[in-house]
Amino acid sequence: MIDKIQLFFKPEQRLRCEADFDAVFSEPLRSRDQFFLLLARNTNQPHPRLGLIVSKKKIRKAVHRNRVKRITRDSFRLHQHQLPVVDVIVLAYQAAEQAERLVLRRSLDKHWEKLKKQFPTL
RNA sequence: AGAGUUGGUUAAGCAGCCGCUGCUCACCGAGAAUGGUGGGUGGAGGAAAGUCCGGGCUCCACAGGGCAGGGUGCCAGGUAACACCUGGAAGAUGUGAGUCUAUGGAAAGUGCCACAGAAAAUAUACCGCUUCUUACAUUAGUGAGAGGUAAGGGUGAAAUGGUGCGGUAAGAGCGCACCGCGCUAUUGGUAACAGUAGUGGCAGGGUAAACCCCAUCCGGAGCAAGACCAAAUAGGGGAACAGUGGCUUAAGUCACGGGUGCUGCCCGCACAAGUUCCCGGGUAGGUCGCUUGAGGUGUAUGGUAACGUGCAUCCCAGACGAAUGGCUGCUCAAGACAGAACCCGGCUUAUCGACCAGCUCUUUCA
RNA sequence: UGGGGGAUCGUCCAAUGGCAGGACUACGGACUCUGACUCCGUCAAUCUAGGUUCGAAUCCUUGUCCCCCAG
């Protein structure tokens with residue numbers, strides 16, 4: 001199985017300005033568990049985009065914040081072509097600070113599946 | 001061998017695949033900025049942390065000096081500077097190697113010292129000790145008065161130099177010896193300080209991380225500093241033009257009309273607008289500041305050391321919704337604390353371990 | 001990221017370096033036929049770790065947490 005799809009994660013695949021975030025926050029579809037809360041909304045961009053919110057109050061140490069963001073970003077990168085074209089915001093909860101890496105990845109896999117069901121036609 | 005102490009180094013490693021990011025090269029496209037693809041190369045720490053000090057840098061203020069406020073505080077040196085470091089002194093502690101110390105001034109002044117105690121700072125006197133006079137009494141002694149003393153006294157964190165001998169009515173640095181303390185001289189040392197000699201006869205408690213005094217240092221703010229480019233909207237300033245007709249080559253001048261609101265229209269009234277262009281400030285956004293620096297490594301040399309100097313060599317993160325990760329396999333001691341955001345020098349705090357070097361103590365063997 | 005302020009009973013506030021106090025709450029009692037109000041009493045705290053001092057909530061140092069400001 002040769003994977004010819006390029007699994008990049010470029011700056012234009014990220015949510016960067018406040019207007020983009022506000023647009024998702026206005027009328028999102030939610031998906032949550034103990035580690036993450038995902039907000040998703042349709043977009044007119046050619047590809048899905050990801051925004052991260054990992055607050056200092058939820059996860060105190062900078063090392064752990066970076067770890068959660070890296071895991072989330074990499075999972076998004078690997079799943080981007082199976083996703084519908086949506087803007088997604090991932091909020092991390094306090095339980096993600098001490099969770100194992102594999103546990104976080106399985107949790108994100110479930111979230112991506114759920115998004116596919118919620119946006120079936122796209 | 002065990003126990004300890006001081007200083008230093010390191011902060012799991014290897015391979016494959018998929019990614020992120022700075023620089024650079026090649027190709028494609030293009031007027032250019034730049035964009036895309038591919039290759040090469042670099043990519044978190046000893047504390048990056050806390051923001052506790054010091055400096056660079058930037059802007060503001062500023063003739064000079066002082067006050068206020070704040071920091072530092074044994075001595076000398078190092079340094080861009082420091083509250084840091086090095087060496088030394090003194091004191092404390094440990095068998096020792098070592099470790100720790102905000103370690104100037106209390107006869108410049110002010111304040112405070114609860115409770116207890118006679119008394120907490122003024123040469124004071126509660127209980128005592130003791131002399132004289134007097135009353136009582138056989139004496140011992142007791143009471144009163146006038147003195148002399150500070151040896152002893154429960155207390156307290158702290159009590160008016162300590163011990164011994166002499167001395168005395170009782171006592172007392174009252175005298176003497178030793179110790180402590182102060183002063184003077186001298187020797188060593190840059191100095192802090194130490195030694196020696198002489199002398200004074202005790203000067204008078206503690207507290208300066210209480211005010212304070214003395215010496216010395218400090219202008220304020222911080223890269224969200226600051227500089228540049230610069231939409232849309234609102235608003236500021238300036239200029240030009242308003243439509244028609246007459247005179248006039250034209251400019252100009254005269255007459256009429258003209259915008260908005262009050263009413264859909266007219267009259268009337270009120271307001272001074274309208275269009276275009278330019279200028280300045282400046283928001284969103286973007287660019288710079290942004291990493292070559294009190295830099296690293298090696299070597300020589302001066303210095304006890306911190307550190308300095310010379311030469312050679314290297315370029316070693318620079319993001320901005322924010323880069324070091326994910327998957328797989330292997331090895332072992334099974335991986336701690338923890339993530340750059342303008343930069344640097346320190347301090348403090350967190351930390352599984354591993355290794356190296358110096359030194360000390362105890363035991364045993366030679 | 002930078003700058004500033006704070007932490008005292010369960011809550012809100014006091015406290016010249018000398019026994020940590022008040023109000024509300026909680027609990028117990030009194031008053032009342034009962035409850036409320038009122039009165040009396042009890043319990044309950046100096047963010048952490050060091051240092052200075054005879055003695056620290058207070059002075060100094062360190063760490064933790066909370067709040068505010070700068071887009």
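(A) Spotlight on the overall build of chain A. From N to C terminus, chain A includes three helices and four strands. Element order for chain A, N to C, with α for helix and β for strand: α-β-β-β-α-β-α. Taken over C-alpha atoms, the radius of gyration comes to 14 Å for chain A, in line with the 14 Å a tight globule of 122 residues would show. Overall, the C-alpha framework of chain A stretches about 40 × 35 × 25 Å when taken along its three principal axes. Long-range contacts, defined here as pairs at least 24 residues apart, represent 82% of the contacts in chain A between residues at least 6 apart. Put simply, chain A shows about 7900 Å² of open surface, and 50% of that area lies on carbon and sulfur atoms. Positive and negative side-chain charges of chain A, numbering 26 and 13 respectively, have mean locations separated by a distance of 5 Å.

(B) Structural context of the sheet that holds strand S2 (residues 36–42). What the four strands build is an open sheet, ordered S1-S2-S4-S3; its pairing is mixed. The open sheet has two free edges, formed respectively by strand S1 (29–32) and strand S3 (49–53), since each of these has just one partner strand. Across the sheet, the axes of successive neighbouring strands diverge by a mean angle of 20°, strand direction being ignored. Strand contacts of helix H2 (residues 62–79): S2, S3 and strand S4 (86–92), with the helix running at about 165° to S3, the strand carrying the most contacts. Relative to the sheet, helix H3 (residues 101–118) contacts S1, S2 and S4, its axis offset from that of S2 by approximately 30°.

(C) Looking closely at the protein's contact with RNA strand C. With respect to spatial proximity, the complete set of residues near RNA strand C consists of Lys56, Lys57 and Arg60. A distance of 3.4 Å is found between a phosphate oxygen of RNA strand C and a side-chain nitrogen or oxygen belonging to Lys56. One nitrogen or oxygen atom from the side chain of Arg60 is found 3.2 Å from a phosphate oxygen belonging to RNA strand C.

What counts, and at which threshold
- Residues numbered from 1 in each chain as written.
- Chains lettered and ligands numbered in written order.
- Predicted model: local features only at pLDDT ≥ 70, side-chain atom pairs only at ≥ 80, totals over all residues.
- Heavy atoms only, no water.
- Helix = DSSP H or I, 4+ residues; strand = E, 2+ residues; numbered from the N terminus.
- Rg over C-alpha atoms; globule rule 2.2 N^0.38 Å.
- Contact = heavy atoms within 4.5 Å.
- Areas by Shrake-Rupley, 256 points an atom, 1.4 Å probe, with all protein chains shown as cover.
- Lys, Arg positive; Asp, Glu negative; His and termini not counted.
- Charge placed at Lys NZ, Arg CZ, Asp CG, Glu CD.
- Pairing = 2+ DSSP bridges.
- Axes fitted to C-alpha atoms, helices over the stretch in contact; angles between N-to-C directions.
- Near = heavy atom within 4 Å.
- Polar contact = N/O pair within 3.5 Å; in protein donor to acceptor, adjacent residues only side chain to side chain.

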